[in-house]
Amino acid sequence: MKTLPVSQALLRLARIRDGLRMVVTRDYEPRAKDCGTCEVRGACCTDEHFVNVRVTRLETEAIRRAIESFPAPVRSRVAKRAAKAAEKLGNSGGSFSCPLYEKESGCLVHKTAKPLPCIHHACYERREDLPPDSLLEEAEKQVVRLNSLVYGNAWNSDPIPIAITRFVL
Ligand code: SF4
Ligand code: SF4
């Protein structure tokens, strides 16, 4: 079977991300807590008991390209944080502090390669205001199909720090 070129798959991946972001922003985030005034801003990305996002091979490629465009000092900081978090994951498993978060800038891949669970996530006062899991699951299914079109069976999902250490270091 002819495989889909990575460049085309990345464009489709961007459309999947944009579609999810559009629905979440339009239909759910107006009832979410404002991140701009959050007293624990960034805890959602750095609290080791909370962050547990995995990314597929294609999403990792999008993150790799985004990191490649960063200035060298930022790349170096990401690499150091990823190595530290990956080592900790290797030793104890579980969750991690995301190496893509920086206090001044927030999520470094917000516009370019943000993983789907991160787009889906916000803090809501009331459980009934949360976007349904099915919204995320449908987008994730599309990403699984895209990975298969590009890589066949030769792909998996890894926690973000592990995925980054595969190419940054
Ligand atoms: S998602 Fe929640 S924890 Fe994270 S910055 Fe926004 S309000 Fe704060
Ligand atoms: S990818 Fe971005 S939004 Fe997701 S946990 Fe990391 S810094 Fe936070």
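Look above for the structure.
Reading the values: rules and limits
- Every chain's residues receive numbers from 1 upward, in the order its sequence appears when written.
- Chains and ligands are labelled by the order in which they are written, letters from A for the one and numbers from 1 for the other.
- The predicted origin of the model limits local features to residues at a pLDDT of at least 70 and limits the giving and counting of side-chain atom pairs to 80 or more, whereas totals for whole chains, interfaces and linings rest on all residues.
- Runs of H or I in DSSP of at least four residues are treated as helices and runs of E of at least two as strands, each being numbered from the N terminus.
- It is over C-alpha atoms that the radius of gyration is taken, and the globule rule equals 2.2 Å times the number of residues to the power 0.38.
- Partly exposed residues are those whose C-beta has more than 12 but fewer than 20 other C-beta atoms within 10 Å; 20 or more makes a residue buried and 12 or fewer makes it exposed, with C-beta atoms placed from the backbone.
- Throughout, a residue-residue contact means that the two C-beta atoms, derived from backbone geometry, are no farther apart than 7 Å.
- Only C-alpha atoms enter the line fits that serve as axes; for helices the fit covers just the stretch in contact. Angles between N-to-C directions range over 0 to 180 degrees.
- Orientation labels follow simple angle bins: below 35 degrees gives roughly parallel, above 145 gives roughly antiparallel, 65 to 115 gives roughly perpendicular, and whatever is left gives oblique.
- Charged means Asp, Glu, Lys or Arg here, nonpolar means Ala, Val, Leu, Ile, Met, Phe, Trp, Tyr, Cys or Pro, and polar covers whatever is left, Gly included.
- Put plainly, near means the residue's C-beta atom, positioned from the backbone, lies within 6 Å of the molecule or strand in question.
- By our criterion, buried Ala, Val, Leu, Ile, Met, Phe, Trp, Tyr and Cys residues that link up through C-beta atoms within 7 Å make up a nonpolar core.
- Here a helix's expected span is defined as the number of its residues, less one, multiplied by 1.5 Å.
- Here the arc refers to the set of directions running from the helix axis out to each C-beta atom.

A word on the overall build of the protein. Of regular secondary structure, the protein possesses seven helices and four strands. Going from N to C terminus, the protein has its helices and strands arranged as α-α-β-α-α-β-β-α-α-β-α. Against the 2.2 N^0.38 benchmark of 15 Å for 169 residues, the protein shows a C-alpha radius of gyration of 16 Å, consistent with a compact globule. Expressed along its principal axes, the backbone C-alpha trace of the protein runs to roughly 45 × 35 × 30 Å. Residues classed as buried in the protein amount to 28% of the 169 residues present. When contacts within the protein are restricted to residue pairs at least 6 apart in sequence, those whose partners lie at least 24 apart make up 81%.

Contact geometry of helix H3 (residues 57–68) with helix H6 (residues 133–151) gives a least axis separation of 8 Å together with a crossing angle of 85°. Considered as vectors, H3 and H6 are oriented roughly perpendicular to each other. Residue-level inspection shows Arg57, Leu58 and Glu59 of H3 in contact with H6, the latter providing Val143, Leu146, Asn147, Val150 and Tyr151. In terms of residue class, the contact of H3 with H6 is built from five nonpolar, one polar and two charged.

Neighbouring ligand 2 are Cys45, Val51, Val53, Cys98, Leu100, Tyr101, Cys107, Val109, Lys114, Pro115 and Cys118. Each residue belonging to the shell around ligand 2 can be placed in one class, and the counts come to 10 nonpolar, no polar and one charged.

Attention now goes to the packing of helix H1 (residues 6–27) against H6. As a packed pair, H1 and H6 sit with axes 10 Å apart at the nearest point and diverge in direction by 180°. If you check the angle between H1 and H6, you find them roughly antiparallel. Contacts between H1 and H6 involve Val6, Ala9, Arg12, Leu13, Ile16, Leu20 and Val23 from the former and Leu135, Ala139, Gln142, Val143, Leu146, Leu149 and Val150 from the latter.

Here the focus is the site of ligand 1. Around ligand 1 sit Lys33, Cys35, Cys38, Val40, Arg41, Gly42, Ala43, Cys44, Ala122 and Cys123, and that is every residue in its neighbourhood. Here the residues of the shell around ligand 1 sort into seven nonpolar, one polar and two charged.

Turning next to the nonpolar core. One finds Leu13, Leu58, Ile63, Val143 and Ile160 to be the most contacted residues of the largest nonpolar core, which totals 33 residues. Of all the elements in the fold, those that place two or more residues in this core are H1, H3, helix H4 (72–92), helix H5 (116–120), H6 and helix H7 (160–165). The element best represented in this core is H4, accounting for five residues. Ignoring any residue separated from it by four or fewer positions in sequence, one finds Ile160 in contact with Val53, Val55, Cys98, Pro99 and Leu100.

An α-helix turns once every 3.6 residues. As a result, residues three or four positions apart point the same way. Compared with an ideal rise of 1.5 Å per residue, which puts 19 residues at 27 Å, H6 spans 26 Å between its outermost C-alpha atoms and is within 8% of the ideal. Along H6, the residues that are buried comprise Ala139, Val143, Leu146, Asn147 and Val150. Along the axis of H6, the buried positions cluster into a sector of 100°, meaning they face one direction only. Facing away from the buried side of H6 by over 90 degrees, the exposed positions are Asp133, Ser134, Glu137 and Lys141. At its buried positions, H6 is contacted by H1, strand S1 (54–56), H3 and H5. Gly152 lies just past H6 and shows a positive phi near 65°.

Take the environment of Asn147 next. On the secondary structure map, Asn147 appears in helix H6. Separated by 90 residues in sequence, Asn147 and Arg57 have C-alpha atoms that sit 7.0 Å apart.

Another aspect to go through is H4. Compared with an ideal rise of 1.5 Å per residue, which puts 21 residues at 30 Å, H4 spans 30 Å between its outermost C-alpha atoms and is within 8% of the ideal. By the burial criterion, the buried members of H4 are Val78, Arg81, Ala82, Ala85, Ala86 and Leu89. Each buried residue of H4 sits inside an arc of 135° when the element is viewed along its axis, so together they form one side. Among the exposed residues of H4, those oriented more than 90 degrees off its buried face are Ala72, Pro73, Ser76, Glu87, Gly90 and Asn91. In this structure, the buried side of H4 is in contact with H3, strand S4 (157–159) and H7. With its phi angle positive at about 70°, Gly93 sits one or two positions after the end of H4.

None of the figures reported here should be taken as evidence of function without further support.
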